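# Structural description and commentary
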Amino acid sequence: MLPDFDSNAAFIWASYSVGLLFIGGAMASVWLKARAAKTELIRIEARIRDQKRG
Amino acid sequence: MFSWFANPHRFLMLSSWLAPLFYAAAALLIAWGLWQGLWMVPKDDYQGGDIMRVMFIHVPAAWLAMASYLGMAVMSFVWFIWRHEVADIAAKAIAPLGATWTALCLATGAIWGKPTWGTWWQWDDARMMSVLFMFFLFLGYMALRAAMDTRQKAARAGAILAMVGALNVPLIKFSVDLFTSLHQDASVITPEGPKMAAVYLWPLLISSLGHSLLFAALVMTLMRAEIWTRRAAQSRVRLMTGD
């Protein structure tokens, strides 16, 4: 059940929507970047192990 | 103490359990702050009615924008004096997130300003302009680092900009006392203590703590990503040289 605001409801929801967008976007980009960095490191370390094994 | 934290391996160990803990605590605190701000606290007719509920996202964003810039400047100082790589990694990680929360502060401030003051933006308002300047400092810091051809040059140039730009933070804080502004005077951090009613103050403080923990967790995650990226770069060299 959403809260019932006075005449400024559109401004209030706009603020919280912007918050969701900015913070959600920051979280998604940080997590994707971390996952890509970890995957790349694992991939290179696996190649080094393969190279050592000949 | 700085040297203890300066070890990337030790940082990875610490952040592997601290970051998830911060994410969980932040989710709980922000959810509680939202529930209080949108559903529970009574509207304040003196502050324009329900529109004051924007405070529970705008004020934490504003505090965090300033705190993140100070954090970036302190980490830059630590790198500049002691050359601890983890401090530089922290400063680099803070910049995009600090810019995000500063942009959130500016956007929610404009949305709050329209029904309250009748304008989205006021070019001669010292508080608005000094926060906008801080946003550009964050962007400038990132652009400056990206323009340098070595990691050392990027760290040095970024650190100098971050430290010099820190002079803007007290200007933001005291701008409402020193210059004319549409913003009200400080009502939480004042020499006489908070002037705000407890029914608004506690949700605001809890919400701010939630934002701070989320920010810290995201910085730790970005720092982990940077350490992995640097290790991958070193490993790539080992792979190419066959060491």
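Here's what I pulled together on the structure shown here. The structure presented is a predicted model; accordingly, all values stated were derived computationally and were not measured.

## Describing the overall build of chain B
Each helix and strand in chain B was counted, giving eight helices and zero strands. Reading the secondary structure of chain B in the N-to-C direction produces α-α-α-α-α-α-α-α. Across its three principal directions, the C-alpha atoms of chain B cover 70 × 35 × 30 Å. When each of the 243 residues of chain B is scored for burial, the buried share is 41%. For chain B, restricting intrachain contacts to residue pairs at least 6 apart in sequence, the fraction spanning at least 24 positions comes to 76%.

## Notes on helix H3 (residues 55–82) of chain B
Along an α-helix, residues three or four positions apart point the same way, because every turn accommodates 3.6 residues. All names here are of chain B. An ideal rise of 1.5 Å per residue puts 40 Å on 28 residues; H3 measures up with 39 Å between its terminal C-alpha atoms. Among the 28 residues of H3, 21 are classified as buried, and the element is accordingly described as predominantly covered. Just past H3, the residue Arg83 takes up positive phi, approximately 55°.

## Concerning the interface of chain B and chain A
Chain B puts 33 residues into the contact, and the matching count from chain A is 27 residues. Mapped by element, the contributors of at least two residues to the side of chain B that touches chain A are helix H2 (8–40), H3, helix H4 (85–117) and helix H8 (198–241) of chain B. Looking at side-chain class alone, the side of chain B that touches chain A contains 18 nonpolar, eight polar and seven charged residues.

## Overview of H8 of chain B
For H8 of chain B, which comprises 44 residues, the first-to-last C-alpha distance of 64 Å matches the rise-based estimate of 64 Å (1.5 Å per residue) to within 8%. Positive backbone phi, approximately 75°, marks Gly242 of chain B, located one or two places after H8 of chain B.

## Side note on the environment of Ala14 of chain A
Along the polypeptide, Ala14 of chain A turns up in helix H1 (residues 9–53). Separated by 18 residues in sequence, Ala14 of chain A and Leu32 of chain A have C-alpha atoms that sit 26 Å apart.

So, how was this worked out
Residues numbered from 1 in each chain as written. Chains lettered and ligands numbered in written order. Predicted model: local features only at pLDDT ≥ 70, side-chain atom pairs only at ≥ 80, totals over all residues. Helix = DSSP H or I, 4+ residues; strand = E, 2+ residues; numbered from the N terminus. Buried ≥ 20, exposed ≤ 12 C-beta atoms within 10 Å, placed from the backbone. Contact = placed C-beta atoms within 7 Å. Expected span 1.5 Å × (residues − 1). Nonpolar A, V, L, I, M, F, W, Y, C, P; charged D, E, K, R; others polar.

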